[in-house]
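Listed here are the chains, written in short residue letters.
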Amino acid sequence: MDQPIELIGERTAQISNGSLYTGHPHVGRLIIGTSGLCTATLIGNTTVVTAAHCIKSGSTHTFILDSGEQIAASSTHVHPQYQGEGSSYDIAVVRLSKQPANVAPGVVATSAPAVGTAITLIGYGVTMCNSVGQCNNDANVKRRTTNSISKLYQVEFRFDGGQSTCKGDSGGPAFATLGGREVQ
């Protein structure tokens, strides 16, 4: 299959044309070091998934839920085929030092969606950056938007249109309903 030049959305981009959101309690912020921000999703009792480019060797990683609960990472695991920013396989697993209180993990898809499948995007990034990289100062707020899958590749997909992602939304989920069940 053809491989796209860019990964899902713009990894330098946030939830644009989205709205404030309080659902999906298993989606949280991943703080890298003291100020880095990505989005991550609890997919197991002590496991979150995020983008590989969100993992910084030698940095701490802390998962923060909307309840304010903060859980330190005990380990990080980048996909072995990830070759750096802009490459495919941009996925990582973060093991947490403990199980979050009162939050059930989300469900991970076991089959591929189809072109045209509606998706819900959730993230904590900024809402806009201009052409020279200056961004709004409105990150750390959960937002959601919807879109649909426009292209499928072996290990990733694309979506088009004005509802997209921005800085800080990296690693965030794309939820779809497959087989009557919402999955990431």
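First things first, this report covers the structure right here in the doc. (Residues numbered from 1 in each chain as written. Predicted model: local features only at pLDDT ≥ 70, side-chain atom pairs only at ≥ 80, totals over all residues. Heavy atoms only, no water.)

## What about the nonpolar core?
Grouped together as the largest cluster of nonpolar side chains are 18 residues, with contacts concentrated most on Leu30, Leu42, Val48, Phe63, Val94 and Leu96. Mapped onto this core, the elements with two or more residues apiece are strand S3 (27-32), strand S4 (36-44) and strand S8 (92-96). (Core = buried A, V, L, I, M, F, W, Y, C linked by side-chain atoms within 4.5 Å. Buried < 20%, exposed > 50% of the residue type's maximum accessible area, 1.4 Å probe, protein only. Helix = DSSP H or I, 4+ residues; strand = E, 2+ residues; numbered from the N terminus.)

## Some remarks on the state of the cysteines
Enumeration over the complete set of coordinates arrives at one disulfide. The residue that forms a disulfide with Cys38 is Cys54, at a sulfur-sulfur distance of 2.0 Å. Note on the Cys38 and Cys54 pair: the S-S dihedral is about -85 degrees, so by sign convention the disulfide is left-handed. In this pair, Cys38 is assigned in strand S4 and Cys54 in the loop between strand S5 (47-50) and strand S6 (61-64), connecting sequence segments 16 residues apart. Judged by its relative accessible area of 1%, Cys54 is buried. (Disulfide = S-S within 2.5 Å.)

## Brief notes about the packing of aromatic side chains
The full count for this structure, using the stated rule, is zero aromatic pairs. Against the face of Tyr21 rests Arg144, its NZ or CZ located 5.3 Å from the ring centre. (Phe/Tyr/Trp six-rings, centres within 6.5 Å; stacked < 30°, edge-to-face > 60°. Lys NZ or Arg CZ within 6 Å of the ring centre and 35° of its normal.)

## Notes on unusual backbone geometry
Backbone geometry places His24, a non-glycine residue, at a positive phi of 45 degrees. You can see His24 is positioned in the loop between strand S2 (19-20) and S3. For Tyr89, which is not glycine, the phi dihedral falls at a positive 60 degrees. Its place among the elements puts Tyr89 in the loop between strand S7 (70-78) and S8. A residue is classified by how much of its surface remains accessible, and Tyr89, at 24% relative accessible area, is partly exposed.

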